[in-house]
Amino acid sequence: MTLPIKIFPDQVLRRPTEPVNFPLTKDMLKLTQDMMDTVRKADGIGLAAPQVGRSVKLVVINLEKSGVPLFALYNPRIVAKSLKKVNIEEGCLSIPHVFGLVKRPKKVTVVAQNMKGEEIKFTDDGWVSRVVQHEIDHINGKLIIDYIKNYSQGQEIVDGWKKDKLIG
Ligand SMILES: [Zn+2]
């Protein structure tokens, strides 16, 4: 089932989020599935729970077009990041038609839990890194408009994945 996406300046986008407890409740399992349906339907590359009005630490990453299966992360946090930063144009499903360059660390190490509650840890310096940083910002109440200095039109990305826009 798809869920309506909360649009800025909805205050839920700025609200603190609660950790997810394990084992997952039926409600959390349904929320996870609904967020996966919603991000696919919206053609986004990621979605965080506050974007569907839920103040919990849950994000889904949708890089299926780049060959990465759709996955969920519970209680994700960044535990290490590279000094090297890169400027990449981003958009946000909660802030329609707004795009701009966002400077973020190129490489991050993320610790999170999977659906079983097992701790997972991974390091990435590609699209997963970029999308995870955008979504973890969401569960911390942070938005791309907090970074963007110059707004742009939304260029299609062709480098390294199929033509798409980076909207999460
Ligand atoms: Zn977003």
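Our structure is the block above this text.
Residues numbered from 1 in each chain as written. Predicted model: local features only at pLDDT ≥ 70, side-chain atom pairs only at ≥ 80, totals over all residues. Heavy atoms only, no water.

(A) Representation of the coordination of the zinc ion. For the zinc ion, the full set of protein donor atoms is Cys92 (SG), His134 (NE2), His138 (NE2) and Gly168 (O), at a range of 2.0 to 2.3 Å. Each of the 4 donor atoms bound to the zinc ion contributes to angles spanning 95 to 131 degrees, and the resulting shape is tetrahedral. Counting residues between consecutive donors of the zinc ion along the chain gives the motif C-x41-H-x3-H-x29-G. Taken as a pair, His134 and His138 lie in helix α2 (residues 127–139) at a separation of 4 residues, close to a single helical turn. On the accessibility criterion, His134 (4% relative accessible area) is buried. The exposure class assigned to His138 is buried, which follows from its relative accessible area of 1%. (Donors = N, O, S within 2.8 Å, 3.2 Å for Na, K, Ca; no water. Tetrahedral: all angles 85-135°; square planar, octahedral: opposite > 155°, others 65-115°. Helix = DSSP H or I, 4+ residues; strand = E, 2+ residues; numbered from the N terminus. Buried < 20%, exposed > 50% of the residue type's maximum accessible area, 1.4 Å probe, protein only.)

(B) Geometry of the sheet that holds strand β5 (residues 95–105). Strand order in this open sheet of 3 strands is β4-β5-β8, and the pairing throughout is antiparallel. Each of the sheet's edge strands pairs with one partner strand only, and the pair in question is β4 (85–92) and β8 (151–152). When β4 meets β5, the two strands line up antiparallel, connected through 8 bridges. Its bridge partner being in β5, Gly91 is matched across the sheet by Phe99. α2 rests against β4 and β5 of the sheet, and its axis sits at about 60 degrees to β4. (Pairing = 2+ DSSP bridges. Contact = heavy atoms within 4.5 Å. Axes fitted to C-alpha atoms, helices over the stretch in contact; angles between N-to-C directions.)

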